[in-house]
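Understanding the architecture of this molecule
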Amino acid sequence: MPKSPTKRRPATVAALTDSALALFAERGFHATSISDIVQQAGLTRGAFYSNFRDKEELFLALYDAHTDRLLADLRHQVEAFTDDADPVARVFDLLATHDARERSWFLVSMEFTLHAARHPAVARALAEHEERLNTGLAEILDRCLQSSGDAPDVSAAALARLVVALYEGLTAMRVTHPAADTDPTPLARRALPHLVRALGAPRD
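This write-up is about the structure you can find in this document. Every chain's residues receive numbers from 1 upward, in the order its sequence appears when written. Restriction of local features to residues with pLDDT of at least 70 applies here, the model being predicted, together with a cutoff of 80 or more for giving and counting side-chain atom pairs; totals for whole chains, interfaces and linings are based on all residues. Side-chain numbers here rest on the full set of heavy atoms in the structure, without hydrogens or water.

Take the pattern of salt bridges next. By definition, a salt bridge exists where a carboxyl oxygen of Asp or Glu is found within 4 Å of a side-chain nitrogen of Lys or Arg. Counted under the stated rule, the structure contains 6 salt bridges. For Glu 57, the salt bridge goes to Arg 53, with nearest N and O atoms at 2.9 Å. Residue exposure (1.4 Å probe, protein chains only): buried if accessible area is under 20% of the type maximum, exposed if over 50%, otherwise partly exposed. Classification of Glu 57 as partly exposed rests on a relative accessible area of 23%. Residues Asp 64 and Arg 132 are paired through a salt bridge, measuring 3.3 Å at the closest nitrogen-oxygen approach. Of this pair, Asp 64 sits in helix α4 (residues 55-79) while Arg 132 sits in helix α7 (residues 120-148); the two residues are 68 residues apart in sequence, bridging distant segments of the chain. Take Asp 64: its relative accessible area is 15%, and that puts it in the buried class. For Arg 132, a relative accessible area of 38% puts it in the partly exposed group. Ionic contacts of the salt-bridge type, sharing partners, join the residues Asp 64, Asp 68 and Arg 132 into one network. Only DSSP runs of H or I reaching four residues or more are called helices, and only runs of E reaching two or more are called strands; each is numbered from the N terminus.

Next comes the structure, spelled out in structure tokens:
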């Protein structure tokens, strides 16, 4: 018996998102059309519009999937932390550990961020999805701060945004300055514990 549309949907969505991610990484978000995505996926435009309104909604599905993988990996690795004086720096280390796939995702997501900056409705939608990442990262950082005895005056959510901003800025620099001796990441990692302590006092 042929599969029902409901049962086929996960496979269709996976084919579309896999196709889009590969094409966004190869050509860029703007240079990739919906026709390109469905052609590479071996599907029709009808299949696309049955699952996504437009490329922006498809990208946000990719963003959520990346967020879920990243947070799951961070939670797993944080659970393995032993007594550590600088757990926030350790979390930053985990974020800053790059492979080719993460570099490719960074380029795709930065292009979409610039696209969103020029389209207010898209920017609002992206901000909502970014908040999911910030909330998850804040929970992880709060657990690390509890274990280290640090109590910054800023919230864990604000600290999470600071860590993300630092990570994204440094990643952008590494894209344009790939030489190891120009990578400021080790300095940022060393500075983070001092920054956290400067924002507040140790817990009693």
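All axes are obtained by fitting lines to C-alpha atoms, using only the stretch in contact for helices, and the reported angles, taken between N-to-C directions, cover 0 to 180 degrees. Put simply, helix α6 (residues 100-117) and helix α8 (residues 156-176) touch, their axes get as near as 11 Å, and they point 105° apart. By the criterion of interaxial angle, the relationship of α6 to α8 is roughly perpendicular. Contact with α6, carried on its side by Glu 102, Arg 103, Phe 106, Leu 107 and Met 110, involves Tyr 167, Glu 168, Thr 171, Ala 172 and Val 175 of α8 and no other residues of that element. Put simply, angles under 35 degrees are roughly parallel, angles over 145 are roughly antiparallel, angles from 65 to 115 are roughly perpendicular, and the rest are oblique. Between two residues, a contact is recorded if the distance between any of their heavy atoms is within 4.5 Å.

The criterion for an aromatic pair is that two Phe, Tyr or Trp rings (for Trp, the six-membered ring) have centres within 6.5 Å, with stacked assigned to planes under 30 degrees apart, edge-to-face to planes over 60 apart and tilted to the rest. Scanning the model with the defined rule gives 9 aromatic pairs in all. Relative to Phe 112, the ring of Phe 59 has its centre 3.9 Å away and its plane inclined at 20°; by these criteria the two rings are stacked. Taken as a pair, Phe 59 in helix α4 and Phe 112 in helix α6 lie far apart in primary sequence, 53 residues in all. This pair shows no difference in class: Phe 59 is buried, exactly as Phe 112 is. An aromatic cluster of three or more residues is present, and its members are Phe 24, Phe 29, Phe 59, Tyr 63, Trp 105 and Phe 112. By definition here, charges over rings are those cases where NZ of Lys or CZ of Arg is within 6 Å of the ring centre and within 35 degrees of the ring normal. Seen from the ring of Phe 29, Lys 55 lies directly overhead, with NZ or CZ sitting 4.3 Å from the centre.

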